[in-house]
Amino acid sequence: MKISHIEHLGIAVQSIEESLPFFTDVLGLECYATEVVEDQKVKTAFLKCGEVKLELLEPTSPESTIQKWLDKGNKGVHHVAFCIEDGVANSLAEVSEKGVRLIDEKPRKGAEGLNIAFLHPKSTCGILTELCEHPE
């Protein structure tokens, strides 16, 4: 697997509208895009911090995995996403062979049109890990 950089940090929030002023007014970051990802039951807002993006994740349904995570009392950083240069599908096969538990058996579409897949935190030092690739 060839990782080029951290693609983004996913931050779970109950409300983007309520959370965004901290990132824009206090930290001085600019929100450059928002998007609803229907199949993941989430609304996203993206901000740039240098070369790394922050992705605010707001649940759009009680069945959203983000809502379930928040309901457990969790908040803040939800996942770390790495940009994969040699393909998410190849990386999934590689980490699976090494005994890493997969959440996604194959890549799927995520926000910003990325191909994504998640690795289970029980196999990744407790960190929900997202593998991303920009489609060609």
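Residues numbered from 1 in each chain as written. Predicted model: local features only at pLDDT ≥ 70, side-chain atom pairs only at ≥ 80, totals over all residues. Heavy atoms only, no water.

Comments concerning the overall build of the chain
The helix and strand inventory of the chain stands at three helices and eight strands. Counting from the amino terminus, the chain carries its helices and strands in the arrangement β-α-β-β-β-α-β-α-β-β-β. Its C-alpha atoms give the chain a radius of gyration of 15 Å, within 12% of the compact-globule value 14 Å for 136 residues. Based on the C-alpha atoms only, the size of the chain along its principal axes is roughly 45 × 30 × 25 Å. Out of the 136 residues in the chain, the part that is buried amounts to 44%. (Helix = DSSP H or I, 4+ residues; strand = E, 2+ residues; numbered from the N terminus. Rg over C-alpha atoms; globule rule 2.2 N^0.38 Å. Buried < 20%, exposed > 50% of the residue type's maximum accessible area, 1.4 Å probe, protein only.)

Here we look at the environment of Ile-66
Looking at the element boundaries, Ile-66 is found in helix H2 (residues 65-71). For the pair formed by Ile-66 and Cys-83, sequence separation is 17 residues and the distance between their alpha carbons is 22 Å. Residue contacts for Ile-66: discarding those within four places in its chain leaves Ala-12, Val-42, Leu-57, Pro-59 and His-78. (Contact = heavy atoms within 4.5 Å.)

Concerning the sheet that holds strand E7 (residues 115-119)
Pairing is mixed across the open sheet formed by eight strands, whose spatial order is E2-E3-E4-E1-E5-E8-E7-E6. One side of each edge strand has no neighbouring strand; the edge strands of this open sheet are strand E2 (31-37) and strand E6 (108-109). Across eight bridges, the pairing between strand E1 (residues 3-12) and strand E5 (residues 76-84) is antiparallel. Looking at the pairing, Ile-11 lines up with Val-77 of E5. (Pairing = 2+ DSSP bridges.)

Some thoughts on the UniProt feature "domain: VOC" (unreviewed entry) in the chain
As annotated by UniProt and renumbered to match this structure, "domain: VOC" (unreviewed entry) occupies residues 5-134. Helix makes up 22% of residues 5-134 and strand makes up 40%, while its end C-alpha atoms are separated by 12 Å. (UniProt positions renumbered as here; feature names shortened; annotations may be inferred.)

Observations regarding a positive patch on the surface
A contiguous patch of positive charge, built from Lys-41, Lys-68, Lys-72, Arg-101 and Lys-122, is present on the exposed surface. In this structure, Lys-122 sits in the loop between E7 and strand E8 (129-133). Under the relative-accessibility criterion, Lys-122 is labelled exposed at 70%. (Patch = residues over 30% accessible without salt bridge, like charges linked within 9 Å, V, L, I, M, F, W, Y side chains within 5 Å. Areas by Shrake-Rupley, 256 points an atom, 1.4 Å probe, with all protein chains shown as cover. Salt bridge = Lys/Arg side-chain N within 4 Å of Asp/Glu carboxyl O. Lys, Arg positive; Asp, Glu negative; His and termini not counted. Charge placed at Lys NZ, Arg CZ, Asp CG, Glu CD.)

Focus on the pattern of salt bridges
A full pass over the atoms with the stated rule returns five salt bridges. Residue Glu-85 is joined to Lys-2 by a salt bridge in which the shortest nitrogen-to-oxygen separation is 3.3 Å. With Glu-85 in the loop between E5 and helix H3 (88-97) and Lys-2 in the segment before E1, the pair connects residues that are 83 residues apart, well separated along the chain. Under the relative-accessibility criterion, Glu-85 is labelled partly exposed at 48%. By relative accessible area, which is 49% here, Lys-2 ends up partly exposed. A salt bridge links Asp-104 to Arg-108; its shortest N-O distance comes to 2.9 Å. Through salt bridges with shared partners, one network takes in Glu-7, Lys-53 and Glu-112.

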